[in-house]
Every structure is written in C-alpha cells, then in structure tokens.
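Structure assessment
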Amino acid sequence: MPELPEVETVRRTLNELVIGKQIDHVSVHLNRIIIKPEEVGEFCIQLAGQTILSVERRGKFLRFLLDDYALVSHLRMEGRYGLYDSSDPLELHTHVVFHFTDGSELRYKDVRQFGTMHLFPKGRELEEQPLKKLGLEPLEEAFDLAAFRARIAHRSTKIKPLLLNQEYIVGIGNIYVDESLHLARIHPEREANSLTSKELAALHEAIVKTLSEAVAAGGSSIKSFVNGQGEIGMFQHQFKMYGRKGEACYSCGHPIEKSVVAGRGTHYCPQCQPLKPARGKKIKPI
Ligand SMILES: [Zn+2]
C-alpha cells in the first residue's frame with residue numbers, strides 16, 4: 001500500500017499535470033470506487049464544469065480542490081492516476097475517467113479495485129469521514145517533539161501499532177515504521193510509555209528523516225507503485241530493514257529478524273533494538 005512518501009509523490013506529479021484543467025464530463029466504469037455521493041450520476045453531475053485548482057494530501061489521501069468541491073481519493077493497494085490523450089485506447093482496469101475540456105483525460109486505474117473516491121462541498125471534507133479523525137501530519141511544522149510526545153508518550157500500547165494508527169500520526173505504514181524504529185534503535189514491541197525522553201526524541205527525528213528522504217527519492221516502488229507519469233520511486237534502494245530478513249544489519253552486522261507485530265510482518269535487528277522491560281514489567285520476547 002502506498003504510504004505518505006508515495007502519495008506525496010503522486011500529489012506533486014498531479015500538480016504538474018492537471019492544475020487549471022477544466023472537467024468537461026466524468027465516466028465511471030466501476031461504481032463501487034465512488035463512495036460519496038451514493039449516486040454515481042450525482043458524482044458526475046457535480047464534477048462537470050469544475051476546474052482543478054490544486055491537489056493536496058492529507059495522510060495517505062489525495063485531495064483535489066475544485067471550484068466548489070473537494071474530491072478525496074485513496075489509492076489503497078494499487079490505484080494509479082495517469083494523464084492521457086482522449087484518443088489513447090482505454091487500458092484494462094480503468095475505472096474512472098475525468099475528461100478535460102482540452103481533450104486530455106485523467107484516468108484512474110486500479111487492478112485490485114480497493115481504491116475509493118469521496119466528493120464533498122469544498123471545506124466539508126475535513127469535517128467528515130474519511131479525513132475527520134486523522135492525526136498529525138509528520139512532515140508539517142506542527143509536528144514538533146512536543147506534539148509527538150503529547151500524542152504518544154502516555155500510551156500503554158506497543159509503539160509499532162501506535163505509529164500505524166492513523167488517528168495519532170498519519171501516513172506512516174509498515175515499511176516506514178520499521179525503518180524509523182531501527183533508526184531510533186527502538187524495538188517495535190516496546191510499550192510507548194516505556195520510552196525515555198531521549199528515545200522519544202530519537203524516534204521523532206527518525207520518522208521525519210525517513211519520510212523526508214523517501215519523499216526526496218520519489219517514494220518506494222514496491223509491487224507496482226508509480227507516480228502519475230509512470231515513473232518509479234527509488235527509495236526502496238535505501239531500505240535498511242524492509243525485505244532484508246536474514247541479511248546483516250548495516251549498523252551492527254547481526255542478521256535482521258522478521259516476526260509478526262500487531263498482525264504485520266515486522267523487520268528489526270535484535271541487537272540494535274533490544275526489548276527492554278517497561279517499568280519493571282517483563283515483556284514476553286517475540
Ligand atoms: Zn543492528
């Protein structure tokens with residue numbers, strides 16, 4: 001699933017491709033992608049005549065700001081956007097087509113069909129699901145150490161599932177959690193309230209560094225991620241943990257282990273990231 005860096009890369013690419021384009025009409029070939037409004041016909045009517053003013057991001061969601069509406073789009077597993085000419089043949093799995101007045105088309109393709117689109121009157125999208133309950137944006141200025149500490153430090157939950165929970169911090173998925181925890185030398189099963197001030201500061205710094213570097217590399221191309229122009233991200237070449245089970249840790253040489261934490265495959269180095277007991281409690285090793 002694309003995480004923050006991949007969605008940010010798609011957002012930047014879309015901003016280069018579709019800003020200022022006016023929608024003539026919309027074709028929907030798979031109704032279930034459209035969650036709101038319930039009537040797909042209504043979705044198409046509302047979008048006709050609208051101009052795309054900007055493409056923003058909230059967590060892992062894209063937010064197309066139009067004259068009167070905001071289109072909230074989640075790519076889920078394999079959703080992709082691409083800009084085409086109207087004469088280009090329609091590729092398989094193309095579910096939604098935004099036909100622009102200049103003859104070009106923004107096409108949404110999704111092999112797995114898990115992606116979603118919600119259309120709101122502009123301004124309402126942040127007050128309703130799916131954006132309503134989203135947590136802090138880790139690459140914004142407001143995400144300072146104090147804000148991070150306030151959200152995380154008093155929780156008794158294990159740190160990995162806490163970081164994956166989009167209601168606390170948005171956009172970090174399985175890959176970037178493992179990379180960040182290793183960089184901060186924190187075991188994924190540590191309870192959040194067992195982290196020292198120093199560890200919290202290291203984790204905060206690691207999250208910002210990992211996500212920033214991934215954005216700078218254009219995201220990571222796992223499975224089929226490509227940006228809106230068919231280009232692949234390069235951050236997968238910088239992974240220190242993800243996909244490296246059994247290989248030597250770059251920091252200490254110990255083989256990287258993989259286990260399941262909170263239902264997710266988790267890479268960690270048992271030497272760099274020891275499982276310290278939290279507040280005197282003995283935690284079962286994973
Ligand atoms: Zn190590």
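Residues numbered from 1 in each chain as written. Predicted model: local features only at pLDDT ≥ 70, side-chain atom pairs only at ≥ 80, totals over all residues.

Short version of the rule: UniProt positions are given in the numbering used here, feature names are shortened, and annotations may be inferred rather than shown by experiment.
The chain is annotated in an unreviewed UniProt entry as Formamidopyrimidine-DNA glycosylase of Paenibacillus baimaensis. Recorded in UniProt for the chain, the comment headed Sequence similarities (unreviewed entry) runs: "Belongs to the FPG family." The UniProt entry for the chain carries this comment under Subunit (unreviewed entry): "Monomer."

Here's the deal with the UniProt feature "active site" (unreviewed entry) in the chain
We count it as follows: Helix numbers and strand numbers start at the N terminus; a helix is a DSSP run of H or I with at least 4 residues, a strand a run of E with at least 2. Each residue is represented by a C-beta atom placed from its backbone, and any two residues with such atoms within 7 Å are regarded as in contact.
Mapped onto this numbering, the UniProt entry gives "active site" (unreviewed entry) at Pro2, Glu3, Lys60 and Arg264. Tracing the backbone shows Lys60 in the loop between strand 3 (52-58) and strand 4 (61-66). Non-local contacts of Lys60, meaning those with residues more than four positions away in its chain, are made with Pro2, Glu3, Leu4, Val7, His74, Val170 and Gly171. Within the element layout of this structure, Arg264 appears in strand 11 (residues 264-268).

What about the UniProt feature "binding site: DNA" (unreviewed entry) in the chain?
What counts here: Residues are called buried when their C-beta atom has 20 or more other C-beta atoms within 10 Å, exposed when it has 12 or fewer, and partly exposed otherwise; all C-beta atoms are positioned from the backbone.
What UniProt calls "binding site: DNA" (unreviewed entry) maps, in this numbering, to His93, Arg112 and Arg155. Judged by maximum C-alpha separation, these annotated positions cover 63 residues in sequence and are scattered in space, the widest gap reaching 42.5 Å. Its place among the elements puts His93 in the loop between strand 6 (79-85) and strand 7 (94-100). Using a count of 17 C-beta atoms within 10 Å as the deciding quantity, one classes His93 as partly exposed.

Thoughts on the sheet that holds strand 7
Here is the rule: Paired strands, as defined in this entry, are two strands with at least two bridges between them according to DSSP. Lines are fitted to the C-alpha atoms to define the axes, a helix being fitted only along its stretch in contact, and any angle between axes, read from their N-to-C directions, falls within 0 to 180 degrees.
Strand order in the open sheet formed by four strands is 1-7-8-6, with antiparallel pairing between adjacent strands. Two strands bound the open sheet, and with one partner strand each, they are strand 1 (23-28) and strand 6. Adjacent strand axes in the sheet meet at a mean angle of 20 degrees when their direction is disregarded. In the sheet, strand 1 pairs with strand 7 via five bridges, with the strands oriented antiparallel. Bridged to Val28 within strand 7 is Val96.

Notes on the environment of Asn165
Note on placement: Asn165 falls in the loop between helix 4 (159-164) and helix 5 (174-183). By the C-beta count within 10 Å, which is 16 here, Asn165 ends up partly exposed. Along the backbone, Asn165 and Gly135 are 30 residues apart, and their C-alpha atoms lie at a distance of 8.6 Å.

A few points about the packing of helix 3 (residues 145-152) against helix 6 (residues 197-216)
If you want to describe how two helices pack, look at the angle between their axes and the distance between the axes. Here is the rule we go by: Angles are sorted into four bins: roughly parallel if under 35 degrees, roughly antiparallel if over 145, roughly perpendicular if 65 to 115, and oblique for all others. In this scheme the crossing of two helices becomes right-handed for a clockwise turn of the near helix relative to the far one and left-handed for an anticlockwise turn of less than a right angle. Note that Gly is not counted as nonpolar here; it falls among the polar residues with everything else outside the nonpolar set of Ala, Val, Leu, Ile, Met, Phe, Trp, Tyr, Cys and Pro and the charged set of Asp, Glu, Lys and Arg.
The interhelical angle for the contact between helix 3 and helix 6, taken along N-to-C directions, is 115 degrees, at an axis separation of 10 Å. Comparing the axis directions of helix 3 and helix 6 gives the class roughly perpendicular. In this structure, the crossing between helix 3 and helix 6 has a hand that is right-handed. The residues of helix 6 that touch helix 3, namely those facing Leu145, Phe148, Arg149 and Ile152, are Leu200, Ala201 and His204. In the contact of helix 3 with helix 6, the residues fall into five nonpolar, one polar and one charged.

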